[in-house]
Amino acid sequence: MLTLINLVESTIYTGESNDPDHIKRRIYHVIAMEAITCTSSMAATEFITHTIEILVEVASEVNNVSVEKACFSELASYLNRLVPLLKELNKKDLSNAEKVFVEILNQQVRLAKQLTTECSKKNKVYLLISCRSITKRIQDITREISRALTLIPFSQLQISSTMMQEITQLCETMQSVEFKTAIADEMILEKIESGIHERNVDRSYANNLLVSIAQILGISTERSELKKEFEEFKNEIENAHLRKNQAEAIQMDQIIALLERADATSSEEEKQKKYLSKRTSLGSQPLEPLQSFYCPITREVMIDPVETSSGHTFERTAIEKWLSDSTSCPLTGIPLDNLTLRSNRTLRQSIEEWKDRNTMITIALIKPKLSNPENDEVISCLEQLQSLCEEREIHREWIVLENYIPTLVDLLGGKNLEIRTRTLVLLSILSKDSDDAKDRISRVNGVIESVVRSLGRRIAEGKLAVELLLELSKNETLKRNIGNVQGCILLLVTMSNSEDNQASINAQKLLDCLAFCDQNVIQMAKANYFTHLLQRLSSGSEEVKMIMVRTLAEMEFTDHSKSSLFEKGALVPLLEMVSNGNPRMKETAAKALCNLSTLQKNSTQMIANGAVTPLVNLLYNHTSSHCLQDEVASIIMHLATSTMLQNSKNAPVSLFESGEDIDRLLSFVVCTRPLVQERLLHAVFAMCHSPIGSTVKAKLRQNSEHEQALVVLCDNENPNVRANAVKLMFCLTEDGEDKEIIDRMGEQLIDSLIKIIKSSSDLEEIASAMGIISNLTESTHLTNSLVQADGLTVISSRLQTQNGPHKKHLTENAVGSLCHFTNPANKQSQKKFAESGLIPLLVQFLDTGTGVTKRKAAISLAHLSKASIDLTRPIPNRGLLFRCFSPPSESKCPVHQGICDVETSFCLVSANAVPPLVTLLGDSDCDVCEASLDALLTLIEAERLQYGCKVLGEANAIPEIIKLLNSSNNSNLQEKVLGELERIFRLVEYKQKYGKLAHMPLVDLTQRGNSRTKSLAARILGQLDVLHDQSSYF
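These figures come from a predicted structure and were not determined experimentally.

**With respect to the overall build of the protein**
Turning to step 1, where the next piece is worked out: Per the secondary structure count, the protein includes 59 helices and three strands.
Turning to step 2, where the next piece is worked out: Its C-alpha atoms give the protein a radius of gyration of 54 Å, clearly above 31 Å, the size a compact globule of 1034 residues would have.
Turning to step 3, where the next piece is worked out: Judged by the C-alpha coordinates and their principal axes, the protein covers about 175 × 85 × 60 Å.
Turning to step 4, where the next piece is worked out: The 1034 residues of the protein split such that 50% are buried.

Take a look at the structure:
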């Protein structure tokens, strides 16, 4: 027997009348026939149970349908409401007449099941195209079920009033419900109809349409998936035998033709074959337009031909303008019956086909002219191609299918700028939204290299090149190749900083696109573009983070790059890794931080962000690897160094906040490995010059263990550890505080220090070692120790050191160390000093040395000068006869009144030291002035006043000494000068000569000086007869 489903399908597929009433009459006829069969073959209870089972299956199946889910869900909700009714009826004793409605209901439910199954299993695209008819079928089934429910004999079956009311309400709802195609599905159908109606053959239209279909149906937009779905759609149409319905077959063919325009639905080979077949069939030369193509009004080929009521065709715009002034036919002059204009689609199609034919031939004819870049026609040909591309998208596809791309790529290698720029524009237009064009470009050898070369040329050409590369990057193969071209990423980073806003934006977009590859991100970082590296560093997988942090650890950065990385947030993820990463991650992150912390600004930020505590904890942790400890120690060294270079305008930053932290670090230095010791000693040295320098030094001095450990480290076998320990020791002795500890530490090291000075190649270490000796308190014991260690020879040898970065400090500390050998209490060392020829060198330093060197040289000369009086040899008393026949005797020293020389009596006059010492009295450094004064005053000590004043007067020293009274910031110096002037003015000659010169400075001191200088000044004024010598006012 023919089933209901077979009936429906045969009605549709055989092209019989689709009139709804006709179909319903046939359906009810079949239902009646089947009802008789079912009555005899199936019991009522069994029949209802079967219907309930189908209802449950339908309700479950609607979850799997591909289209019109809302309509199916609403249908399922109605069917679910039928289940309680059927279960109630199953308890009744139904006669054959009474159960007819159940049998009709069963048939409709089976139709619903058939529909849900089809919409779950058939091709999704086919279902979407058919969604209107599917919606109509859902509505028909719903209403037929409603009609079946009206056949229930409620009174005979004694159904409760409540259920009767519910069934009645359900019938009314199902009868009145209007099922509508989903809005999104309807929009797709309208686009398809519009594309067919408008003969829209643009590839982009088809591409966008296919993507929209895929998105609605939940299909992947990958090209292969779209191709597969489209092939299944075509197969579905063939299997459905739609060719039997001619109208629907034509419609499906039109839909297929429209979607075949999309890149994903046809292979490149298929398109190429169709194109070449068509183009070959057209001939080789363009054809002139037919006369009918011309508008009678404009005499130009029509674009939108329309027909008037007279039967003549005109260009729409031209005839509309004509009719605005006249109602007659432009050709005959006869009045028109009406002014209605009908589009002449046949003529329009003929004109478009003629244009397409000529365009296709023209494209083929242009290509050979581009083979020679020197051809004068190349630029005009490129202009023509660009114009064609801008006219219609189909022209772009024909140019691609004509295999222009290799020829265009060759033009990029030419010397002509205009040809290159026009070619870049043309390639951009061809590749835009065209997967086929990009695929062809990807197969041309060296194409990306050619475009990248343009990227590095003038900004206008580079702008076009980056625009092309951005479009090409949408192709996976080309995207991979772009990042592999040498110099490409560097050029893109450079362009991202361009003043041309659009070029900059496109370059950044392309860099973002290329960031899919870790190697590209690394290349960007090497070009100082850190955006994507920092993103991966913060949110990448552990493996990716490791790659990025290793890059930061191994790269050489400029200060600008280091600063930029921290400004953009590199510090937080790096600290997180070094604190909580796996051992390998910690080591690499620490190395990266070490690399970046060499910039003082970054180190200061690290301290401010609380990096010190986790770093120190890692340093002290016994589970930390040696490599990690080494890097952390280096970081701490950098952080400490940054604290000694702070800007005085900003609030001071300290590495450690408490003395306990400093104590712990100093204790750790002793027990760790040499490399860590070296770096931590350097850190402590830097901390001694930081805002907490006094605290650090105090900690070192207060703890005897630290003191002893430092002494031991100064004799360490490792030269780097020893050098840093010596520098730290020198730092501790610089300020002269707690001299007892300083001297004790220093004297323990005399032999080691002399050894360092003698054998080390580190000039800074040598300078520091001599600085320690220079800062020690003078004593006979110290001098003897230095002499025994051959210190005089070793230290003096370093005065001949060649120029270098440490030359100044080395000389200062060497001269300071030599002071110990001029100690007046040790005559033997003074003698050795003089015999070594060092006195002339000291005199030389008075002219050429730094302020420190001059001061220390003057001190040494003062020490030596004090011994001159005892070392001066008396002039021998020779008789008259002897004097007549003997050679002239040695000249008498004007100060010591005997025979003096430099090496035996250390005489300042003999050493020619007086003039430079007098010059130093005017030095801006008061300490230098005072040292020079002390040296000169040795010439007028005790009984040498008369002779010494004469020498000082001849050297013009006394006026310079008087000027020192103006040193208002050094009262000790003023007192010293006043004391010596009182002695000098005892000599009438000098009182008369220099008294007036001293008058005003002395008066000023009586008014502005302290009590001591006031009294001394008044006494001298009394001596000069300015005040009564008995005055007690002062």
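Following the structure, the description resumes.
**Some remarks on the sheet that holds strand S3 (residues 342–343)**
Turning to step 1, where the next piece is worked out: Strand order in the open sheet made by the three strands is S2-S1-S3, with antiparallel pairing throughout. At either margin of the open sheet sits one strand with a lone partner, and together these are strand S2 (313–315) and S3.
Turning to step 2, where the next piece is worked out: Relative to S2, strand S1 (residues 305–307) runs antiparallel, the two sharing three bridges. Bridge pairing in S2 links Glu307 to Thr313.

**Overview of the nonpolar core**
Turning to step 1, where the next piece is worked out: The biggest cluster of nonpolar side chains holds 232 residues, and the ones touching the most others in it are Leu574 and Leu619.
Turning to step 2, where the next piece is worked out: At nine residues, the largest contribution of residues to this core is made by helix H37 (residues 674–688).
Turning to step 3, where the next piece is worked out: Not counting residues within four places of it along the chain, the set of residues in contact with Leu619 comprises Gln629, Val632, Ala633, Ile636, Leu665, Phe668, Val676 and Leu680.

**Focus: helix H55 (residues 945–954)**
Turning to step 1, where the next piece is worked out: All buried positions along H55 are accounted for by Leu945, Gly948, Cys949, Val951, Leu952 and Gly953.
Turning to step 2, where the next piece is worked out: Those residues of H55 hidden inside the fold are in contact with helix H53 (914–920), helix H54 (926–937), helix H56 (957–963), helix H57 (971–984) and helix H58 (988–1008).
Turning to step 3, where the next piece is worked out: Phi for Asn956, located one or two positions after H55, is positive at around 60 degrees.

**Comments concerning the pattern of salt bridges**
Turning to step 1, where the next piece is worked out: The full count for this structure, using the stated rule, is 40 salt bridges.
Turning to step 2, where the next piece is worked out: Between Glu320 and Arg316 there is a salt bridge, with the nearest N and O atoms lying 3.9 Å from each other. Of the two residues, Glu320 and Arg316 both sit in helix H15 (residues 316–323), four residues apart, roughly one turn of that helix.
Turning to step 3, where the next piece is worked out: Here Asp356 makes a salt bridge to Arg392, at a shortest N to O gap of 2.6 Å. Taken together, the positions of Asp356 in helix H16 (residues 345–366) and Arg392 in the loop between helix H17 (378–391) and helix H18 (393–401) put the pair 36 residues apart, joining distant regions of the chain.
Turning to step 4, where the next piece is worked out: Classification of Asp356 by relative accessible area gives buried; the value is 15%.

**Remarks on the packing of aromatic side chains**
Turning to step 1, where the next piece is worked out: Evaluated as defined, the whole model comprises five aromatic pairs.
Turning to step 2, where the next piece is worked out: Between Phe293 and Trp354, the aromatic rings sit 5.8 Å apart at their centres with planes inclined by 55 degrees, giving tilted as the arrangement. A residue pair is termed long-range when its members are at least 10 positions apart, and Phe293 in the loop between helix H14 (268–281) and S1 and Trp354 in helix H16 qualify at 61 residues. In this pair, the class of Phe293 matches that of Trp354, namely buried.
Turning to step 3, where the next piece is worked out: A cation over a ring is seen here: Lys479 above Phe516, with NZ or CZ 4.7 Å from the ring centre.

**What about the side chain of Thr853?**
Turning to step 1, where the next piece is worked out: Within the secondary structure, Thr853 sits in helix H49 (residues 851–866).
Turning to step 2, where the next piece is worked out: Take Thr853: its relative accessible area is 1%, and that puts it in the buried class.
Turning to step 3, where the next piece is worked out: A polar atom in the side chain of Thr853 sits 3.1 Å from the side chain of Thr850.
Turning to step 4, where the next piece is worked out: Not counting the four nearest positions on each side in its chain, Thr853 is found in contact with Thr811, Glu812, Val815 and Phe845.

What counts and what doesn't
- Residues numbered from 1 in each chain as written.
- Predicted model: local features only at pLDDT ≥ 70, side-chain atom pairs only at ≥ 80, totals over all residues.
- Heavy atoms only, no water.
- Helix = DSSP H or I, 4+ residues; strand = E, 2+ residues; numbered from the N terminus.
- Rg over C-alpha atoms; globule rule 2.2 N^0.38 Å.
- Buried < 20%, exposed > 50% of the residue type's maximum accessible area, 1.4 Å probe, protein only.
- Pairing = 2+ DSSP bridges.
- Core = buried A, V, L, I, M, F, W, Y, C linked by side-chain atoms within 4.5 Å.
- Contact = heavy atoms within 4.5 Å.
- Salt bridge = Lys/Arg side-chain N within 4 Å of Asp/Glu carboxyl O.
- Phe/Tyr/Trp six-rings, centres within 6.5 Å; stacked < 30°, edge-to-face > 60°.
- Lys NZ or Arg CZ within 6 Å of the ring centre and 35° of its normal.
- Polar contact = N/O pair within 3.5 Å; in protein donor to acceptor, adjacent residues only side chain to side chain.

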